[in-house]
Amino acid sequence: MTLTTPWGEQLDADAPLPEYPRPQLARDDWLTLNGRWRYAVTDFADADPLAVPDPTGAPDCDGTIVVPFSPETPLSGVGRRLGPAEALWYRRSFGLPVGTHGRRVLLHFGAVDQTCRVAVDGVEVGGHSGGYLPFSFDITSALGAGEAHDLVVAVRDVTDTSWLARGKQSSRPGGIWYTPQSGIWQTVWLEVVPTVAVDALDLLPDLAAGAVVVTVRSDHAPSGATATITLSAGGERVAEATVPVEVPTPVAVPQPRLWSPEDPFLYDVTVRLADDTVTSSVGMRSFGTGTDERGHPRLLLNGEPYLPVGLLDQGYWPDGGYTAPSDEALVFDIALAKRLGYTMLRKHIKVEPLRWYHHCDRLGMLVWQDAVSGGTGYNALVTQGPVAGGPQLRDHRYRLFARTSAEGRARFEAELTAMIEHLRSVVSVSLWVPFNEGWGQFDAARIAGVVREFDPSRPVDHASGWHDQGAGDLRSLHVYFRAVKAPRKRDTRVLALTEYGGFSLAVPDHTWSGKTFGYKTFTTTSSWQDAVVRLHDEQIVPAIAGGLGATVYTQLSDVEDEVNGLVTYDRRVVKADEATFRAMNDRLRAAAAGSGSRSSS
């Protein structure tokens with residue numbers, strides 16, 4: 001049975017996901033290239049996993065694909081899996097939204113999995129590897145004469161046959177591993193900008209100084225150029241300053257209103273540089289670690305102990321795969337979690353489109369951001385053994401952890417820091433998670449130091465689940481088959497239950513296949529819900545009172561064979577009663593209440 005979401009059923013295949021894709025740096029002159037493209041699949045076998053055919057030699061097309069949905073998904077209109085010895089070709093024509101005299105034309109891709117090369121009007125303009133991060137090209141000089149222009153994208157995706165980042169995609173999906181996604185899976189769009197423009201914008205709150213540290217970046221601004229920054233609230237200007245381009249500059253915010261899940265207040269930001277104007281937003285908040293009145297290590301929000309009550313969020317859709325069928329679908333998941341009493345989503349082994357983070361910012365949902373795992377074939381001793389009490393292993397043993405490729409290790413580290421740079425100014429992102437359950441883990445203690453140096457403003461969970469190397473800010477536990485207990489030995493790090501539960505309930509007519517997976521199975525909604533509530537009241541509440549500092553329940557939605565979500569995969573049946581879950585989660589917060597900060601970092 002093919003599952004569809006309500007939003008997928010209403011999809012306009014000629015104009016899917018029409019919203020501006022980058023709210024963190026928005027401008028007016030743009031054009032979405034989402035919609036119907038032509039596509040082809042050809043043989044392409046090369047031992048180099050980064051090899052991609054020359055995009056100037058595009059073949060004839062086989063049919064039509066709806067971008068930005070991967071060909072493996074129903075919403076793409078294709079329904080075909082791309083093999084590691086194949087190439088996927090995209091082609092379409094486009095016009096420009098406005099005149100380009102004296103201006104630059106930028107071609108943006110939200111994400112393409114895994115490696116691609118791009119040509120415009122028969123001229124190769126660049127390529128990219130790494131299936132989860134955005135990239136762009138200045139195509140001004142490649143544009144030919146005439147109003148119509150030709151765009152070709154050649155893609156290669158070897159999935160799990162090499163060390164490239166792949167997340168939870170598997171050539172043999174089942175259980176916790178999912179159907180591969182290939183090619184373009186986020187918005188493709190054009191922007192026409194002045195020669196001197198705001199090419200990037202960092203907005204970093206500094207509560208101690210009562211300011212936002214602003215860095216305006218411009219690739220073509222002359223030496224000594226300045227930009228004007230205006231902060232406003234409710235249409236009223238609250239601060240304005242002139243800042244030098246490329247120089248981090250504090251802009252004072254008088255009597256700042258603090259951002260939190262309970263009060264997700266955002267200031268509107270306008271930046272003017274020469275003839276360019278962009279808009280953004282910023283929230284005044286801080287993250288850190290400290291201790292409460294009882295001496296328990298705690299995560300801090302705005303200098304005070306805060307208990308993140310979270311859900312594991314995979315970000316998959318039955319009809320769109322990696323790609324939500326609409327902006328409203330993105331909002332649905334976040335808003336549902338809020339209604340159920342959750343204040344945090346752990347974005348699991350995936351980087352979402354920037355609109356998802358924008359909705360977390362404005363709705364008030366903390367985000368723990370995972371890096372995307374890679375490496376070669378995983379060793380079950382490493383990835384599954386600890387579930388049943390197997391040993392903690394030292395992760396310098398590269399062969400054991402599927403990380404023998406030095407190039408693969410270097411690329412993971414580069415993509416990790418690129419992800420942090422990409423999401424640095426997102427208000428809601430409160431913690432980084434480089435590794436999960438030993439999947440391609442290596443040198444995690446050193447990597448935690450790299451992350452901390454690159455972004456000292458957020459805590460780090462260096463090894464979520466097991467194979468703890470004694471680093472980072474969290475002692476991170478995954479517990480599925482034993483009781484949850486308060487810590488017995490002192491650890492200066494915050495104790496966090498970063499996965500647990502996973503109780504399964506299959507809802508007839510709303511399952512992906514005849515196979516189901518979960519950690520404890522129930523047959524009725526009432527028995528499932530009673531068991532979830534009992535788990536929290538009998539185990540999680542006492543553990544929080546004894547020092548547990550964060551919780552991440554598995555999980556927000558069903559995904560393929562996994563039926564352990566609080567909502568079905570098609571998002572049509574919410575299994576959890578809202579009032580019951582809100583009250584349950586309020587009891588978790590009550591167990592942590594009454595604590596005050598003694599120290600922070």
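What comes next concerns the included structure. (Residues numbered from 1 in each chain as written. Predicted model: local features only at pLDDT ≥ 70, side-chain atom pairs only at ≥ 80, totals over all residues. Heavy atoms only, no water.)

### Comments concerning the overall build of the protein chain
Here is step 1: Helix and strand counts for the protein chain stand at 8 helices and 31 strands.
Here is step 2: Whereas a compact globule of 601 residues would reach a radius of gyration of roughly 25 Å, the protein chain reaches 24 Å, a difference of no more than 12%.
Here is step 3: The buried share of the protein chain, reckoned over its 601 residues, is 61%.
Here is step 4: Excluding contacts between residues fewer than 6 apart, the proportion of contacts in the protein chain whose partners are at least 24 apart in sequence is 71%.
Here is step 5: In the protein chain, which carries 56 positive and 72 negative side-chain charges, the distance between the mean positions of the two groups comes to 7 Å. (Helix = DSSP H or I, 4+ residues; strand = E, 2+ residues; numbered from the N terminus. Rg over C-alpha atoms; globule rule 2.2 N^0.38 Å. Buried < 20%, exposed > 50% of the residue type's maximum accessible area, 1.4 Å probe, protein only. Contact = heavy atoms within 4.5 Å. Lys, Arg positive; Asp, Glu negative; His and termini not counted. Charge placed at Lys NZ, Arg CZ, Asp CG, Glu CD.)

### Details of unusual backbone geometry
Here is step 1: A cis amide bond, omega 0 degrees, links D113 with the succeeding residue Q114.
Here is step 2: You can see Q114 is positioned in the loop between strand 6 (112-113) and strand 7 (115-120).
Here is step 3: Here the amide bond leading from T554 into Q555 is cis, since omega sits at 10 degrees, within 30 degrees of zero.
Here is step 4: Relative to the helices and strands, Q555 resides in the loop between strand 31 (548-554) and helix 8 (578-592).
Here is step 5: The phi dihedral of D121 is positive, around 50 degrees, even though this residue is not glycine.
Here is step 6: Along the polypeptide, D121 turns up in the loop between strand 7 and strand 8 (123-129).

### With respect to the pairing of strand 7
One face of the sheet, then the other: side chains in a regular strand alternate in exactly this way.
Here is step 1: Burial analysis of strand 7 places 5 of its 6 residues in the buried class, the great majority of the element.
Here is step 2: Sheet topology places strand 7 next to strand 8; 6 bridges connect them, and they run antiparallel. Paired with R117 across the strands is G127, a residue of strand 8. (Pairing = 2+ DSSP bridges.)

### Observations regarding the environment of E562
Here is step 1: Positionally, E562 belongs in the loop between strand 31 and helix 8.
Here is step 2: According to the relative accessible area criterion, E562 is buried, its value standing at 2%.
Here is step 3: Sequence separation of E562 and A197 is 365 residues, and the distance between their C-alpha atoms is 46 Å.
Here is step 4: Residue contacts for E562: discarding those within four places in its chain leaves K168, G175, I176, Y178, Q314, F517 and Q555.

### Notes on the packing of aromatic side chains
Here is step 1: Scanning the entire structure with this criterion turns up 28 aromatic pairs.
Here is step 2: Judged by centre distance (5.5 Å) and plane angle (45 degrees), the ring pair of F503 and F522 falls under tilted. Separated by 19 residues along the polypeptide, F503 in strand 29 (residues 503-505) and F522 in strand 30 (residues 520-522) bring together distant segments of the chain. Here the two residues F503 and F522 agree in accessibility, since each one is buried.
Here is step 3: A cation over an aromatic ring shows up here: R166 above the ring of Y378, its NZ or CZ 4.8 Å from the ring centre. (Phe/Tyr/Trp six-rings, centres within 6.5 Å; stacked < 30°, edge-to-face > 60°. Lys NZ or Arg CZ within 6 Å of the ring centre and 35° of its normal.)

### Some details on the nonpolar core
Here is step 1: Judged by nonpolar contacts, the single largest core of 82 residues is most densely connected at Y342, Y357, W528, L566 and F581.
Here is step 2: When residues of this core are assigned to their parent elements, the largest contribution, 9 residues, is made by helix 7 (residues 525-545).
Here is step 3: With sequence-adjacent residues up to four places away left out, F581 is seen in contact with L340, Y342, W528, Q529, V532, L566 and A576. (Core = buried A, V, L, I, M, F, W, Y, C linked by side-chain atoms within 4.5 Å.)

### Things to note about empty space enclosed by the protein
Here is step 1: Within the structure shown, the criterion is met by 4 cavities of 30 Å³ or more.
Here is step 2: The calculated volume of the largest cavity comes to roughly 90 Å³.
Here is step 3: In terms of lining, the largest cavity is formed by F287, G288, L299, L300, L301, Y306, P308, L366, W368, S430, L431 and P459.
Here is step 4: Those elements that provide at least two residues to the lining of the largest cavity are strand 20 (287-291), strand 21 (297-301), strand 25 (366-370) and strand 26 (429-433).
Here is step 5: If one sorts the elements of the lining of the largest cavity by residue count, strand 21 sits on top with 3 residues.
Here is step 6: When its residues are assigned to classes, the lining of the largest cavity shows 10 nonpolar, 2 polar and no charged. (1 Å grid on protein atoms, 1.4 Å probe; cavity = no way out; pocket = protein on both sides within 12 Å on 5 of 7 lines; lining within 4 Å. Points joined across faces, edges and corners; volume = space filled by probe spheres on them. Nonpolar A, V, L, I, M, F, W, Y, C, P; charged D, E, K, R; others polar.)

### Notes on the side chain of H149
Here is step 1: With respect to the helices and strands, the residue H149 is situated in strand 10 (residues 149-156).
Here is step 2: Its relative accessible area of 4% is what places H149 among the buried residues.
Here is step 3: Within the local environment of H149, its side chain forms a polar contact with the side chain of D121, the two groups lying 2.8 Å apart.
Here is step 4: Not counting chain neighbours up to four residues away, the residues in contact with H149 comprise R92, S93, F94, L96, D121, L143 and G144. (Polar contact = N/O pair within 3.5 Å; in protein donor to acceptor, adjacent residues only side chain to side chain.)

### Notes on the environment of V67
Here is step 1: Locating V67 in the fold gives a position in strand 3 (residues 63-67).
Here is step 2: Note on V67: relative accessible area 0%, which makes it buried.
Here is step 3: Sequence-wise, V67 and L17 are 50 residues apart; in three dimensions their C-alpha atoms are separated by 9.4 Å.
Here is step 4: V67 has contacts with P16, N34, G35, W37, Y90, I184 and V188, leaving out every residue within four places of it along the chain.

### Points about the layout of surface pockets
Here is step 1: Empty space within the second largest pocket amounts to approximately 690 Å³.
Here is step 2: Forming the walls of the second largest pocket are 33 residues, and the residues nearest its centre are I176, W177, T383, Q384 and W439.
Here is step 3: In the lining of the second largest pocket, the residues fall into 12 nonpolar, 14 polar and 7 charged.

### A word on helix 3 (residues 354-363)
Since the α-helix packs 3.6 residues into each turn, any two residues three or four apart lie on the same face.
Here is step 1: Burial within helix 3 is extensive, with 8 of its 10 residues counted as buried.
Here is step 2: Buried residues along helix 3 sit against strand 23 (309-313), helix 2 (327-339), strand 24 (344-347), strand 25, helix 5 (406-423) and strand 26.
Here is step 3: One or two residues past the end of helix 3 sits G364, with phi positive at roughly 90 degrees.

### Observations concerning the packing of helix 7 against helix 8
Here is step 1: Their axes nearest at 8 Å, the elements helix 7 and helix 8 cross at an angle of 10 degrees. In terms of axis orientation, helix 7 runs roughly parallel to helix 8. For the pair helix 7 and helix 8, contact is made by W528, Q529, V532, V533, H536, D537, I540, V541, I544 and A545 and by T580, F581, M584, R587, L588, A591 and A592, respectively.
Here is step 2: Here the residues of the contact of helix 7 with helix 8 sort into 12 nonpolar, 3 polar and 2 charged. (Axes fitted to C-alpha atoms, helices over the stretch in contact; angles between N-to-C directions. Parallel < 35°, antiparallel > 145°, perpendicular 65-115°, else oblique.)

### Re the sheet that holds strand 16 (residues 236-244)
Here is step 1: Ordered in space as 16-15-18-19, the 4 strands form an open sheet in which the pairing is antiparallel. Looking at the sheet topology across the chains shown, the edges are occupied by strand 16 and strand 19 (276-282). Neighbouring strand axes in the sheet, compared pairwise and without regard to direction, differ in orientation by 20 degrees on average.

### Structural notes on the pattern of salt bridges
Here is step 1: For the structure on display, the rule yields 35 salt bridges.
Here is step 2: Residues E246 and R217 are paired through a salt bridge, measuring 3.7 Å at the closest nitrogen-oxygen approach. Taken together, the residues span a long stretch of sequence, with E246 in the loop between strand 16 and strand 17 (249-252) and R217 in strand 14 (residues 211-217) at a distance of 29 residues.
Here is step 3: Residues R587 and D537 are paired through a salt bridge, measuring 2.9 Å at the closest nitrogen-oxygen approach. Of this pair, R587 sits in helix 8 while D537 sits in helix 7, and the two are 50 residues apart along the sequence.
Here is step 4: Note on D537: relative accessible area 32%, which makes it partly exposed. (Salt bridge = Lys/Arg side-chain N within 4 Å of Asp/Glu carboxyl O.)

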